[in-house]
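This is what each chain is made of:
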Amino acid sequence: MLGPPGAGKGTQAVHVSATHGIPAISTGDIFRANIKDETELGLQVKQITSSGGYVPDEITNAIVRDRLAQDDAAQGFLLDGYPRTTGQVEALDEMLGDAGHQLDAVVELTVDTDEVVQRLLARAQEQGRADDTEEVVRERMRLYAEETAPLASRYKERGLLRRVDGMGEVAEVTARIEAALEDVTRSAPSDVPADGR
Ligand code: ADP
């Protein structure tokens, strides 16, 4: 699932994950958990994430590789917030190739950037999240536009991209995503067992 900070990827990922019975894997959540637990990884990435930067590909790719190797991801998974750079796209292709898997779809949640910045700032205030100052939010948006948004065209060329309007009620957006995914499953079945289950 692609989309700028504040687009609602995490919220939608939970719904899609429940509907399809696959784990939602969020690199942001993994980093936050490690920071909270003060693990070695957490200490390594704390400064970077709190300033709105991207964790180096080497670290992020290794984490995703480990996570995808866990049993619950063997029958499918949803990635939220990964890949975010061309290096991560290439690493993911390699991981999936090694495992004999392929991406079924890339959902890009499109939003009104100005509205989303306001949303993020409001949330930061409500929750007292010191990591979401205006400066950090703007930096995250800038990085997204520069590094991550261009990935959509790469996936478009591969016929994987499904652009979904991310504005509106949560349930409305969920329904749009499901409609986009239904189409994908019908036009490109993959990993369907021979007995048709
Ligand atoms: P948001 O989408 O609001 O930026 P996330 O929860 O997805 O929040 O990520 C939080 C932070 O974790 C990011 O700002 C970034 O520093 C780091 N991060 C998450 N995913 C990646 C990734 N794929 N590559 C590099 N850094 C990442």
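Since we're looking at a predicted model, the values are computed, not measured.

Let us look at the overall build of the chain. A count of helices and strands for the chain gives 9 helices and 4 strands. The order of helices and strands in the chain, counted from the N terminus, is α-β-α-α-α-β-α-β-α-α-α-β-α. On C-alpha atoms alone, the chain measures out to a radius of gyration of 17 Å, which is about the 16 Å that the 2.2 N^0.38 rule sets for 197 residues. Dimensions of the chain along its principal axes, counting C-alpha atoms only, are 50 × 40 × 30 Å. For the chain, buried positions account for 41% of its 197 residues. Contacts spanning at least 24 positions in sequence make up 71% of the contacts within the chain whose residues lie at least 6 apart. Summing over all exposed atoms, the chain offers an accessible surface of approximately 11000 Å²; the carbon and sulfur share of this is 49%. On the chain, the mean spot of the 21 positive side-chain charges and the mean spot of the 36 negative ones are 2 Å from each other.

With that settled, consider empty space enclosed by the protein. With the rule as written, the count across this model stands at 1 cavity of 30 Å³ or more. Approximately 50 Å³ is the volume attributed to the largest cavity. Surrounding the largest cavity, Met1, Leu2, Gly3, Lys9, Gly81, Tyr82, Pro83, Arg84, Tyr144 and Thr148 form its lining. Counted by class, the lining of the largest cavity contains 5 nonpolar, 3 polar and 2 charged residues.

Right, let's get into helix α1 (residues 9-20). For an α-helix the count is 3.6 residues per turn, leaving residues at separations of three or four pointing the same way. When the terminal C-alpha atoms of α1 are compared, their 16 Å separation across 12 residues agrees well with the 16 Å that a helix rising 1.5 Å per residue should span. Every buried residue of α1 is accounted for by Lys9, Gln12, Ala13, Val16 and Ser17. Burial along α1 is one-sided: seen end-on, the buried residues are contained in an arc of 135°. Those residues of α1 that are exposed and angled more than 90 degrees off the buried face are Val14, Ala18 and Thr19. Directly beyond the C-terminal end of α1, a positive phi value near 65° is found at Gly21.

Let's shift gears to the pairing of strand β3 (residues 106-110). Judged by how many residues are buried, β3 sits mostly within the fold: 4 of 5 residues are covered. When β3 meets strand β4 (residues 161-165), the two strands line up parallel, connected through 5 bridges. Looking across to β4, one finds that Leu109 is bridged to Val164.

Let us now look at the site of the ligand. Around the ligand, the structure places 16 residues, and the nearest of them are Thr27, Arg32, Gly53, Arg84 and Arg140. In the model, an oxygen atom of the ligand is placed 3.4 Å from a nitrogen or oxygen of the Lys9 side chain. One of the backbone nitrogen or oxygen atoms of Gly53 is found 2.5 Å away from an oxygen atom of the ligand. Taken by itself the ligand offers 540 Å² of open surface, and the protein chains cover 93% of this. With 4 residues, the top contributor of residues to the shell around the ligand is helix α2 (residues 27-36). Of the residues in the shell around the ligand, the class split is 5 nonpolar, 7 polar and 4 charged.

So, about helix α6 (residues 113-127). The terminal C-alpha atoms of α6, which comprises 15 residues, lie 21 Å apart, in line with the 21 Å expected from a rise of 1.5 Å per residue. For α6, every residue scored as buried is listed here: Val116, Val117, Leu120, Leu121 and Ala124. Buried positions in α6, seen along its axis, are confined to an arc of 135° and lie on one side of it. Summarising the geometry of α6, the exposed residues directed more than 90 degrees from the buried face are Asp114, Gln125 and Glu126. Contact partners of the buried residues in α6: α7 (134-148). Where α6 begins, the capping side chain belongs to Asp112, and its oxygen is found 3.1 Å from the backbone nitrogen of Asp114. In the stretch just after α6, Gly128 is the one whose phi turns positive, near 60°.

Conventions adopted
Residues numbered from 1 in each chain as written. Predicted model: local features only at pLDDT ≥ 70, side-chain atom pairs only at ≥ 80, totals over all residues. Heavy atoms only, no water. Helix = DSSP H or I, 4+ residues; strand = E, 2+ residues; numbered from the N terminus. Rg over C-alpha atoms; globule rule 2.2 N^0.38 Å. Buried < 20%, exposed > 50% of the residue type's maximum accessible area, 1.4 Å probe, protein only. Contact = heavy atoms within 4.5 Å. Areas by Shrake-Rupley, 256 points an atom, 1.4 Å probe, with all protein chains shown as cover. Lys, Arg positive; Asp, Glu negative; His and termini not counted. Charge placed at Lys NZ, Arg CZ, Asp CG, Glu CD. 1 Å grid on protein atoms, 1.4 Å probe; cavity = no way out; pocket = protein on both sides within 12 Å on 5 of 7 lines; lining within 4 Å. Points joined across faces, edges and corners; volume = space filled by probe spheres on them. Nonpolar A, V, L, I, M, F, W, Y, C, P; charged D, E, K, R; others polar. Expected span 1.5 Å × (residues − 1). Arc of directions from axis to C-beta. Pairing = 2+ DSSP bridges. Near = heavy atom within 4 Å. Polar contact = N/O pair within 3.5 Å; in protein donor to acceptor, adjacent residues only side chain to side chain.

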